[in-house]
Amino acid sequence: MENKSLELKMVFEGVEAEKLQPEAANKAGWPVSGNTSPWEPGQSSARRGHRAERQGVLPKGLPVLAVVGSIGVFCIAGCSTLPVADVTEGGTELHTQVASKDGLSIGVAPLKEKDLLIKYFGVDLRKQSILPIYITIDNQSGASFLFLKNQASIALKGHQDTREHEQLDIPIEERKPTEGDYAAAAFFGGLAGALTLDLEGDSGRAIRHNILAKRLNTDTLSPSEHRSGFLYFHVPKEIEDTYILTIKFMNLETEETASVEFQGELLP
Amino acid sequence: MIMMNIKSGRLLGCVLFGSLLFGCTHHHMIEASPANLQSSYVVPLSAGVILTADYCSYEFSMRRQGETHVFHLGETLCTNTKKLMGELFTTIEVLSLSGGIKDRKADVLVSPKLVDASVQVNRWRSEGVDALIIVEWTVTDRNGKVLLTKTVQGKAHTVGGPFSVDKTRNRAISLAIDEVFSESAKAFQQSIELRKVARAL
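Predicted model only: the values in this text are computed from it and were never measured.

### Describing the overall build of chain B
Step number 1: The helix and strand inventory of chain B stands at 5 helices and 8 strands.
Step number 2: Each helix (α) and strand (β) of chain B, taken in turn from the N terminus, gives the series α-β-β-α-β-β-α-β-β-β-β-α-α.
Step number 3: With 201 residues in all, chain B has 47% of them scored as buried.
Step number 4: Within chain B, residue pairs in contact and separated by at least 24 positions form 69% of the contacts whose partners lie at least 6 positions apart.
Step number 5: Split by element, the accessible area of chain B, about 10400 Å² in all, is 57% carbon and sulfur.

The structure is reproduced here in structure tokens:
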């Protein structure tokens with residue numbers, strides 16, 4: 001144990017010594033013979049350290065510095081937070097398409113731009129094959145409607161065919177993707193409901209929390225009510241096709257279901 | 001004697017190493033206050049409240065730095081649901097799916113479902129803990145026609161020191177549950193859909 005901590009100190013020392021010029025090193029009390037640094041290029045840090053130990057010139061204060069540095073690194077790595085913004089409606093940065101049906105006014109804005117994804121989610125979700133779409137719904141009718149989150153779907157129109165893509169289903173329990181998920185992803189070409197995002201750890205948990213907090217959920221819209229939020233779809237990042245987004249509603253009185261379609265390009 | 005010390009030292013080392021490797025599981029019971037009703041309006045309907053085992057025994061677990069924390073939320077959710085429904089409707093009857101719900105006399109059936117839960121801890125920094133609980137309420141008539149679906153989010157943010165993370169986190173979860181029930185009460189009391197049903201009966 002003692003040897004290990006000594007070795008760690010020496011590795012730390014070796015790295016620092018490389019950065020110092022001989023004169024500066026001399027001033028700082030580092031071992032310098034003439035104008036030549038004792039550290040020769042190509043030598044491993046540990047070996048350099050052993051030489052330093054033999055010479056008995058381990059600089060004082062470095063162990064303390066190492067411990068303080070380690071605590072600092074631990075704090076930064078283990079306590080990540082995501083300073084993310086909330087979407088302010090009426091802003092110009094989201095390119096929204098608007099459509100109306102049965103007195104409902106619906107706006108959709110797929111978030112494809114990296115800077116906007118980082119602004120709202122703290123991470124480039126497109127890299128994780130997730131496409132967030134911001135939805136706003138205004139009920140300007142005199143009836144009540146039920147927005148059906150699970151029936152919203154996206155299809156990508158490629159050169160040859162049109163394929164449906166699933167909504168991101170965030171499991172209640174935090175978990176890492178299992179081998180079965182990867183197998184399913186490989187089998188379905190990555191389009192199945194396999195979770196590609198590692199949602200464990202501090203940063204993963206922060207991303208998951210943010211995704212959930214901003215999600216548009218199944219809800220009743222009474223007359224003159226407004227709802228907004230994101231829906232998330234599994235769309236591989238390399239796909240740049242045309243998308244067709246379908247949003248569904250049910251009139252609570254008549255139980256009739258209506259749908260609204262939006263079409264756009266996935267290219268940012 | 002020395003041999004004994006070496007042996008017990010090794011044993012202790014193994015136990016310590018094992019606990020570092022596999023971590024421990026901590027169980028937390030979360031308590032919440034009864035919903036804060038902003039209005040005294042009672043929905044003039046009798047309700048059958050369907051409480052499933054999934055909802056009433058729900059546990060949220062998270063792993064952090066090798067340790068597993070299990071939060072027993074179900075019992076609190078269930079108790080608060082019964083209490084809130086009792087205050088919101090004229091009469092309530094608690095039902096379970098296994099007990100059969102067809103022959104019941106209630107005007108409407110209310111089923112809560114825990115959609116998601118999330119807890120985010122920012123250790124060592126002053127940002128504290130964020131908790132999020134999402135509950136979906138579905139109200140149907142006796143024939144299964146959906147009258148109302150409301151998804152309610154309870155969000156809470158608490159701040160504490162680096163050495164009181166457990167307390168700060170449990171308080172955040174507890175406050176998030178409080179908000180779920182306060183928001184749910186508001187949603188039921190202000191629902192024009194439920195008023196329409198009551199008028200029609």
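And the narrative resumes.
### Remarks on the state of the cysteines
Residue and element names in this part refer to chain B.
Step number 1: Per the stated rule, a full pass over the model turns up 1 disulfide over all chains.
Step number 2: What pairs with Cys-56 in a disulfide is Cys-78, and their sulfur atoms sit 1.7 Å apart. Linking Cys-56 in helix α2 (residues 53-56) with Cys-78 in helix α3 (residues 74-88), this pair joins segments that are 22 residues apart in sequence.
Step number 3: Residue Cys-56 is classed as partly exposed on the basis of its relative accessible area of 23%.

### Examining the sheet that holds strand β6 (residues 108-122) of chain B
Residue and element names in this part refer to chain B.
Step number 1: On the basis of which strands lie adjacent, the open sheet formed by 5 strands has the order β5-β2-β6-β7-β8 and mixed pairing. Two strands close off the open sheet at either side, each with one partner strand: β5 (89-95) and β8 (146-158). Pairwise comparison of adjacent strand axes, ignoring direction, gives a mean angle of 25 degrees for this sheet.
Step number 2: Relative to strand β7 (residues 128-141), β6 runs antiparallel, the two being bridged by 14 bridges.

### Points about helix α5 (residues 192-200) of chain B
All names here are of chain B.
Step number 1: Listed as buried for α5 are Glu-193, Leu-194, Val-197 and Ala-198. An end-on view of α5 places all buried positions within 140 degrees of arc, on one side of the element. Turned more than 90 degrees off the buried face of α5, the exposed positions are Arg-199 and Ala-200.

### With respect to the sheet that holds strand β3 (residues 59-64) of chain B
Residue and element names in this part refer to chain B.
Step number 1: Strand order in the open sheet formed by 3 strands is β1-β4-β3, with mixed pairing between adjacent strands. The open sheet has two free edges, formed respectively by β1 (25-29) and β3, since each of these has just one partner strand. Sheet twist, expressed as the average angle between the axes of neighbouring strands with direction ignored, equals 20 degrees.
Step number 2: Its contacts with the sheet place helix α4 (residues 165-190) against β1, β3 and β4 (67-72), and it is angled at close to 35 degrees to β4.

### Some remarks on the pairing of strand β5 (residues 153-157) of chain A
Residue and element names in this part refer to chain A.
Step number 1: Counted residue by residue, β5 has 4 buried out of 5 residues, so it is predominantly covered.
Step number 2: Summarising the sheet, β5 and strand β9 (residues 242-251) pair through 5 bridges and their orientation is antiparallel. Note on β9: the bridge partner recorded for Lys-157 is Thr-242.

### Details of the confidence of the model for chain B
All names here are of chain B.
Step number 1: Mean pLDDT over chain B stands at 85; residues scoring 70 or higher make up 83%.
Step number 2: When pLDDT is averaged over each helix and strand of chain B, the minimum, 58, is found for helix α1 (residues 2-22) and the maximum, 96, for β8.
Step number 3: For this predicted complex, the interface score ipTM comes out at 0.82, while the overall pTM is 0.72.

### Digging into the pairing of strand β8 (residues 226-234) of chain A
All names here are of chain A.
Step number 1: Across the 9 residues of β8, 7 count as buried, placing the element largely inside the fold.
Step number 2: Note that strand β3 (residues 130-139) and β8 share 9 bridges and pair antiparallel. Looking at the pairing, Ile-137 lines up with Arg-227 of β8.

### What to know about the nonpolar core
Step number 1: Ranked by internal contacts, the top residues of the largest apolar core, which has 47 residues, are Leu73(B), Phe89(B) and Ile133(B).
Step number 2: Only β2 (43-50), β3, α3, β6, β7, β8, α4 and α5 of chain B provide two or more residues apiece to this core.
Step number 3: Here the element with the most residues in this core is α4(B); it accounts for 9 residues.
Step number 4: Not counting the four nearest positions on each side in its chain, Ile133(B) is found in contact with Leu73(B), Leu114(B), Asp116(B), Ala117(B), Val152(B), Gln153(B), Gly154(B), Ile173(B), Ala176(B), Ile177(B) and Val180(B).
Step number 5: Counting 26 residues, the second-largest nonpolar core is a separate cluster that includes Leu221(A), Val260(A), Phe262(A) and Leu266(A).

### So, the packing of aromatic side chains
Residues and elements named next belong to chain B.
Step number 1: The final tally for this structure, using the stated rule, is 9 aromatic pairs over all chains.
Step number 2: Between Phe-89 and Phe-188, the ring centres sit 5.9 Å apart and the planes meet at 75 degrees, which makes this aromatic pair edge-to-face. Residue Phe-89 is located in strand β5, and its partner Phe-188 is located in helix α4; the two are separated by 99 residues in the primary sequence. Here Phe-89 matches Phe-188 in class, with each residue buried.

Cut-offs and rules
- Residues numbered from 1 in each chain as written.
- Chains lettered and ligands numbered in written order.
- Predicted model: local features only at pLDDT ≥ 70, side-chain atom pairs only at ≥ 80, totals over all residues.
- Heavy atoms only, no water.
- Helix = DSSP H or I, 4+ residues; strand = E, 2+ residues; numbered from the N terminus.
- Buried < 20%, exposed > 50% of the residue type's maximum accessible area, 1.4 Å probe, protein only.
- Contact = heavy atoms within 4.5 Å.
- Areas by Shrake-Rupley, 256 points an atom, 1.4 Å probe, with all protein chains shown as cover.
- Disulfide = S-S within 2.5 Å.
- Pairing = 2+ DSSP bridges.
- Axes fitted to C-alpha atoms, helices over the stretch in contact; angles between N-to-C directions.
- Arc of directions from axis to C-beta.
- pLDDT = per-residue confidence, 0-100.
- Core = buried A, V, L, I, M, F, W, Y, C linked by side-chain atoms within 4.5 Å.
- Phe/Tyr/Trp six-rings, centres within 6.5 Å; stacked < 30°, edge-to-face > 60°.

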